[in-house]
Amino acid sequence: MAETTAETPVEGVEEYTTETPAAPEEYTSESLASRFGEPQPAAGVGRRKNAIARVRIIPGSGKWKINGRTLEGYFPNKVHQQEVNEPFKVLELDERYDVVARISGGGISGQAGALRLGVARALNEADVDNNRGPLKKAGFLTRDARAVERKKAGLKKARKGTQYSKR
């Protein structure tokens with residue numbers, strides 16, 4: 001095993017410098033501008049109540065895969081299906097992205113809200129310049145912080161106390 005010293009050059013490196021090398025051509029703003037318009041893969045995390053949804057969107061034909069099941073199989077209620085699809089409807093991007101999501105915690109309604117936020121954040125990441133305005137105006141990028149209030153000591157529920165009896 002040969003040791004590398006200051007005198008022996010490392011293979012593939014001509015000279016050590018403190019300067020950062022130039023960025024590859026694929027990262028320049030011109031190359032990104034030339035790709036403008038074609039769908040980009042992206043990811044986002046959504047939360048609602050106790051539910052957490054990790055979402056990836058990939059350019060495709062509009063297929064949904066939520067915890068290994070289809071959208072209709074996971075959310076049989078049409079209201080929840082509609083709620084989850086709203087970010088695509090606002091941006092008129094129906095059938096342009098495949099969605100892969102992992103959802104955990106909470107109930108059905110919380111999971112639908114978490115998935116909607118995750119999808120909206122992923123679409124925002126895919127194209128910030130064009131998607132952010134309509135998504136923000138529709139309120140899809142705002143995290144709904146309402147959650148169940150915790151139970152306090154000495155009370156039956158979060159606010160309900162025992163009934164007072166004078167006699």
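Rules used in this analysis
- Residues numbered from 1 in each chain as written.
- Predicted model: local features only at pLDDT ≥ 70, side-chain atom pairs only at ≥ 80, totals over all residues.
- Heavy atoms only, no water.
- UniProt positions renumbered as here; feature names shortened; annotations may be inferred.
- pLDDT = per-residue confidence, 0-100.
- Contact = heavy atoms within 4.5 Å.
- Phe/Tyr/Trp six-rings, centres within 6.5 Å; stacked < 30°, edge-to-face > 60°.
- Buried < 20%, exposed > 50% of the residue type's maximum accessible area, 1.4 Å probe, protein only.
- Core = buried A, V, L, I, M, F, W, Y, C linked by side-chain atoms within 4.5 Å.
- Helix = DSSP H or I, 4+ residues; strand = E, 2+ residues; numbered from the N terminus.
- Pairing = 2+ DSSP bridges.
- Expected span 1.5 Å × (residues − 1).
- Bend = angle between axes of the 7 residues up to and from the residue.

The protein chain goes by Small ribosomal subunit protein uS9 in an unreviewed UniProt entry, where it is assigned to Streptomyces cacaoi. The protein chain has a UniProt comment under Sequence similarities (unreviewed entry) that states "Belongs to the universal ribosomal protein uS9 family."

Engineer: When you look at the confidence of the model for the protein chain in this model, what are you seeing that I'm missing?
Structural biologist: A low pLDDT score tells you not to read the predicted coordinates there in detail. Of all residues in the protein chain, 79% have pLDDT values of 70 or greater, and the mean over the chain is 86. Taken as a whole, residues 31-35 scores under 50 in pLDDT and shows five contacts with residues more than four places along the chain or in a different chain.

Engineer: Got a minute to help me understand the packing of aromatic side chains in this structure?
Structural biologist: Pairs of aromatic rings are described using the distance from one ring centre to the other and the angle between the two planes. Taken as a whole and assessed by the stated rule, the structure comprises three aromatic pairs. Centroid distance Tyr74 to Phe75: 5.0 Å. Interplanar angle 85°. Geometry classified as edge-to-face. The exposure class assigned to Tyr74 is buried, which follows from its relative accessible area of 10%. For Phe75, a relative accessible area of 0% translates into the label buried. Plain terms: the ring middles of Phe88 and Tyr97 are 6.4 Å apart, the flat faces sit at 35° to each other, and that makes the pair tilted. Like Tyr97, Phe88 is buried. Among the aromatic residues, those joined into a ring-pair cluster are Trp64, Phe88 and Tyr97.

Engineer: Help me out: how do you make sense of the nonpolar core in this one?
Structural biologist: Across soluble globular proteins, nonpolar side chains have a tendency to be buried as a group. Judged by nonpolar contacts, the single largest core of 29 residues is most densely connected at Ile57, Trp64, Ile66, Phe75, Phe88, Leu115 and Leu123. Put simply, the parts of the chain that give this core at least two residues each are β2 (51-59), β3 (64-66), α2 (71-74), α3 (78-91), β4 (97-104) and α4 (108-126). Aside from chain neighbours lying at most four places away, what touches Trp64 is Arg69, Thr70, Leu71, Val84, Asn85, Phe88, Val99, Leu115 and Val119.

Engineer: What am I meant to see in the pairing of β4 here?
Structural biologist: The side chains of a regular strand alternate, residue by residue, between the two faces of the sheet. Note: β2 against β4, eight bridges, orientation antiparallel. Looking at β4, one finds that Ile52 is bridged to Ser104. Note: β3 against β4, three bridges, orientation parallel. Opposite Lys65, over in β4, you have Val100 as the bridge partner.

Engineer: How do you make sense of α3 when you look at a structure like this?
Structural biologist: Counted at 1.5 Å a residue, the expected span for α3 with its 14 residues is 20 Å, and the 20 Å between its end C-alpha atoms agrees. Roughly 50° is the biggest bend found in α3, and it falls at Asn85, with proline Pro87 one to four residues downstream. For α3, every residue scored as buried is listed here: His80, Gln81, Val84, Asn85, Pro87, Phe88 and Leu91. In this structure, the buried residues of α3 make contact with β2, β3, α2, β4, α4 and α5 (128-138).

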